[in-house]
Amino acid sequence: MNKTNLIKKLAALVLLTTFAVTLAACGSKSLSTPYGSVGNTPYLTGAGYSITEKDLYNEMRLSSSSVLVEEIEKLLYKAELALVDAEPAKYAEDLVKYANEAIFGSSDIEALKKLDATTLSSKIASYIDSFYLAESNTALDPVADFDTTDFADHDAKILNFYKLNVAKKIYAKEQLLKDVKDKDASSYINIEKDLATYFDNNVKNQYDMSAITIRFVNLNEANATLRKFNIKTYRNQLYVIADPRGNTPVEGKAKEVLDSLGIFQYSNISDADYRKYYDKYQIDPSVSAGSNADVALDENETLVKFLEIYNYIYSYRDQVNTNYTVESILADLDNLPFTKSYEDYTNTSLRSYVYTTLGTEDGDTRFSANPRLSGSNYFLVFKLQGHDEEIQQWVDEDNKFIVYKNTGELTEKAQEIFDKIVESKLTTTYISAKATERINKADIVIYDELVKLYMAQSYKDVKLTSKSSKTLIAKVGDDEITVDAFYAKLEQRLGVSVAIDMAIRQTLKNTEKYTSTITSEKRAEYRKNIETIIKQFGQDYYASSGYPASMGRKNFLMLAFRAASIDEAIENVYVASALEEAYLKDIEGIYGDTIYEKFATYANKLRDRFFSLSSSHLLVYVDMDENDTPDDPAEYFETLDATEKAAFQAKLVEFMNKINDRARDYSSLTTGMNAIVEEFNASGRIGNSGCTVAPLDPTPECRWAEYKALGFNLKFENLPAINNNTNITGSTSALDEKFYAGALEVYAEVKAIYDDEKTFPSQWLVPTVADYDGILESSFGWHMILSTGGGVAVSSKFTKEDDTFAKDGDQYKIYEHIEYTDANDVKYYLDAYSDTDAISANQVQIYLNEKDSEYGVENLPTAVSNAISAYFAPIHEKFTGSQNQLNMLYRLFNNGGFTFANAANTTKAQRLITINQSQFFSYVTDNEEFQAVYGDWFTDF
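Quick look at the structure, then.

## What to know about the overall build of the protein
Next, step 1: Counting its secondary structure elements, the protein contains 37 helices and 20 strands.
Next, step 2: Seen through its principal axes, the protein has C-alpha atoms that stretch 110 × 100 × 55 Å.
Next, step 3: Here the protein holds 941 residues, and 47% of them are scored as buried.
Next, step 4: Across the protein, contacts joining residues at least 24 apart in sequence account for 68% of those joining residues at least 6 apart.
Next, step 5: Averaging the positions of the 95 positive and the 142 negative side-chain charges in the protein gives two centres separated by 6 Å.

## Observations regarding the nonpolar core
Next, step 1: By size, the foremost hydrophobic cluster in this structure holds 131 residues, and its most contacted members are Leu-68 and Phe-599.
Next, step 2: Here this core takes 13 residues from helix α20 (residues 483–509), the largest share from any one element.
Next, step 3: Those residues within four positions of Phe-599 in sequence are excluded, and the remaining contacts are Ile-587, Val-844, Leu-848, Phe-872, Phe-879 and Phe-941.
Next, step 4: Formed by 55 residues, the second largest nonpolar core is a distinct cluster that contains Leu-112, Val-180, Val-354 and Leu-410.

## Let's talk about the sheet that holds strand β8 (residues 377–387)
Next, step 1: Spatial strand order, β6-β3-β8-β7: 4 strands in an open sheet with antiparallel pairing. With one partner strand each, in any of the chains shown, β6 (339–340) and β7 (372–374) form the two edges of the open sheet.
Next, step 2: Across the face of the sheet, helix α13 (residues 299–313) comes into contact with β3 (208–216) and β8 while running at roughly 60° to β3.

## Topic: the sheet that holds strand β11 (residues 472–476)
Next, step 1: Overall, mixed pairing links the 4 strands, which are arranged β10-β9-β11-β12 in an open sheet. Lying at the two open borders of the sheet, with one neighbouring strand each, are β10 (463–464) and β12 (479–482).
Next, step 2: Looking at chain direction, strand β9 (residues 444–446) and β11 are connected through 3 bridges and run antiparallel. Note on β11: the bridge partner recorded for Ile-446 is Ala-474.

## Remarks on helix α10 (residues 219–228)
Residue pairs spaced three or four apart in an α-helix point in one direction, given the helix's 3.6 residues per turn.
Next, step 1: Every buried residue of α10 is listed here: Glu-221, Ala-222, Ala-224, Thr-225, Leu-226 and Arg-227.
Next, step 2: By the N-cap criterion, in which a side-chain oxygen at the helix start approaches the backbone nitrogen of a residue two or three places on, α10 is capped by Asn-218, the distance to Asn-220 being 3.2 Å.

## Here's the deal with the environment of Asp-661
Next, step 1: Considering the arrangement of structural elements, one finds Asp-661 in helix α28 (residues 642–663).
Next, step 2: Accessibility expressed as a relative area gives 43% for Asp-661, which makes it partly exposed.
Next, step 3: Each C-alpha atom, one on Asp-661 and one on Gly-672, is 9.8 Å from the other, the two residues being 11 residues apart in sequence.

## Focus: the pairing of strand β19 (residues 827–830)
Next, step 1: Pairing of strand β18 (residues 818–821) with β19, which is carried by 4 bridges, proceeds in the antiparallel orientation. Pairing of Tyr-820 across the sheet is with Tyr-828, part of β19.
Next, step 2: The antiparallel pairing of β18 with β19 creates a hairpin that spans 5 residues between the two strands, and Asp-825 there sits at a positive phi of about 65°.

## Notes on the side chain of Lys-434
Next, step 1: Relative to the helices and strands, Lys-434 resides in helix α18 (residues 428–441).
Next, step 2: A polar contact of 3.3 Å, which involves the side chain of Lys-434, links it to the side chain of Asp-179.
Next, step 3: Apart from the residues lying within four places of it in its own chain, the contact partners of Lys-434 are Tyr-171, Ala-172, Gln-175 and Asp-179.

Definitions and limits used
All residue numbers refer to position in the chain's written sequence, counted from 1. Selection of residues for local features in this predicted model requires a pLDDT of at least 70, selection of side-chain atom pairs for listing and counting requires 80 or more, and totals for whole chains, interfaces and linings are taken over all residues. To get the side-chain values, all heavy atoms of the structure are used, and hydrogens and water are removed first. Working definition: helices are DSSP H or I runs of at least four residues, strands are E runs of at least two. Numbering for both runs from the N terminus. Any residue under 20% of the maximum accessible area for its type is buried, any over 50% is exposed, and the rest in between are partly exposed; the area is computed with a 1.4 Å probe on protein chains only. Note on contacts: a residue pair is in contact if any heavy atoms of the two residues lie within 4.5 Å. Counting rule for charge: Lys and Arg are taken as positive, Asp and Glu as negative, and neither His nor the chain ends is counted. We put the charge of a Lys on NZ, of an Arg on CZ, of an Asp on CG and of a Glu on CD. Nonpolar cores are built from buried Ala, Val, Leu, Ile, Met, Phe, Trp, Tyr and Cys residues. Side-chain atoms within 4.5 Å join them into one set. Two strands pair under a simple rule: DSSP has to find at least two bridges between them. Axes, fitted as lines to C-alpha atoms, cover a helix only where it is in contact. Angles between the N-to-C directions of the axes lie from 0 to 180 degrees. Under the rule applied, a polar contact is a pair of N or O atoms within 3.5 Å (in protein, one hydrogen donor and one hydrogen acceptor; residues adjacent in sequence only if both atoms are side-chain atoms).

If you want it as structure tokens, here you go:
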């Protein structure tokens, strides 16, 4: 869908085609151009200038290939289109897929359901404009015609637009089913080999798995947990050592280890002494009896320990009965939380380990004796059972995929896999290639030499008629496409925008102010450039880009420059581009000499909105499903009842306040936050007796275990600078809206300190809160923002008193009397002063006068240049951007007194202007920051 048709600029020859073209038009007798009933009826008129329907058609037909191809394809795919109409339910999924990709940029329904309201509305608004330009007679309602719940029930007006896409897919699939049987085709499918490979890679291991999977934040936490349960490991087996922390004194080897450490207390020892004992104790399986024996746990005992550790780590989950044997737990898997689908294992390293490395047969390693690193976490895993019963039905006794039935037909699963492989080969590229191939093979005759010339760049086998016609543009077999029908389609899609383009071009050619800038020297330069290009063309310089010398200069000029001669090429490309450039640079002529005041006003809007916050943040989050992504608090709270939610929130407040208070005891808040997070992540999840019972032995667990038991996780991260552009429309690094709002509140606090002390605090942390309402909640957790600095707007203030003389005896100070010459060679003078912090109009004008000069901007003080770069340069970038330049061209058109013969086209022209403005705002109307600066842009410009 073409949204606009602008005057094209050519800085260098742009060659877009990829197919070589061999034409024999040169030297042959030219055919007469068919016009049907398209004649000299005015389409658009202005003062002393008129564009007729024929003028318009002559211009549009040079850009007509895609439109004509679409009309040809509607005839070529009549049978397939009839299938779509006859069986709408069968092809509904394809129609929806094409529609969703066009509207939302994706056909992934689950991903679409996660789009926020702003994104949905902007994509729909953009699509409505695109659809209008393609089907201007059809209006769409942004609510009634779009399904934003299931993304499957869009209005028929939308879905019908993609019938041709589906028809082309139907045809391509028919061809693909032939290609997959052709050993010489790139799409060939080796039935036995390719189906077996697909099965091994995509099916064989994709079954549900039952396993006790225990995740640890880091190795310290994993080892602390093993210590908690008196577990030592040796050669992939678990051993439980005697525990001298209990009331009963230990004996034998355990006593000997304590003695060797100088610990002569054999019960109720402290956690600190226990850690020494645990680290010193070495497993020796060679002693198999007596008080010194180390006996490995059997499989059932190991299972019990895994269950106990699971309950310990996941104390916030429903606790699991620990009185299972391997046999009994396998019989009760339906009542336990240990079965996950293949897709649920988002940690692919862990998934591979569970499915491939661990086993359940005799002699297999069934569990991990030591914590295993997978991704960024450590895991203990006890494999229970792989639910591959269905998979086993599809393999033989050698575990090989069964492809054929005894009858020689594909098995049901093999047929399913074959269909999937076929579908995977039915790519957009393949469909497009088959569509091109079909056109080239079809009996297509073109009745217009220029149209044939342009079509031949992509469709080299399309034929040119040997006999002129007054009414036909093309024939497809016995079906005819008339010029009148072709013109109607072109006019619907391109007519208004092309007419505006032509009118603007003519207006510029008739304006002496701009034509006078095209000097004889420039024309000589243009001619030299084109002659060089033609010379290179003759040497086959552009053959690889689809322009072989064999096509002849005439065809090359027409394809590359839309010209029949060098003089016409100069006018069509270089002069047209130079005139447009001259107009767009004539900002005083367009807006008057107040333009610099307008620029300054917008720069100061941006300046007034400026803020910058340097910060870090402490993130508290939960990841209850262990998919390595923080859960959305709102979604997590939906899993809790009111009592559970209130209790969780109360503990969260307590936890964050505790961190806040404790961080202030360190040399700096940053040091404190890092230390707390490190300590928290390394600690275990249940406090020891020394937390409350003498002799007191406070450990990190004493502080944090109860919060870890709730599933809390901690991160402390430095953030990039947050400023007024962070969440503005078009930002590629936007923050969560709630978090951004919280950052604004923090900035307001530290800015108040700056206003009093003229410096930003280097360490400022949000205070503790009274209740949950004071917590900053985002879509991925809860935050405390630590401000480490800030910034305010750069001042542009520079007065005459700040200025100096370059040397004694000078009449003017350095920046007081800067000389320039206008377009009429009249001298004028500016100063670079501003009596306030705001940017002045003169400073803007000086910047614009000098920015493209050989030496750049020389006549602005450094501080002023910094302010201009920070606050005016972004405004100027918007001003010289494509939407505003098009807006300026529309302004020229509107001031030209042009009138469309058809009132409906006047409406469409206005719609084009509105579309351009919507694109400027990226179809987002509720971004406060963008609206505050640019909201009145098209009123002012």
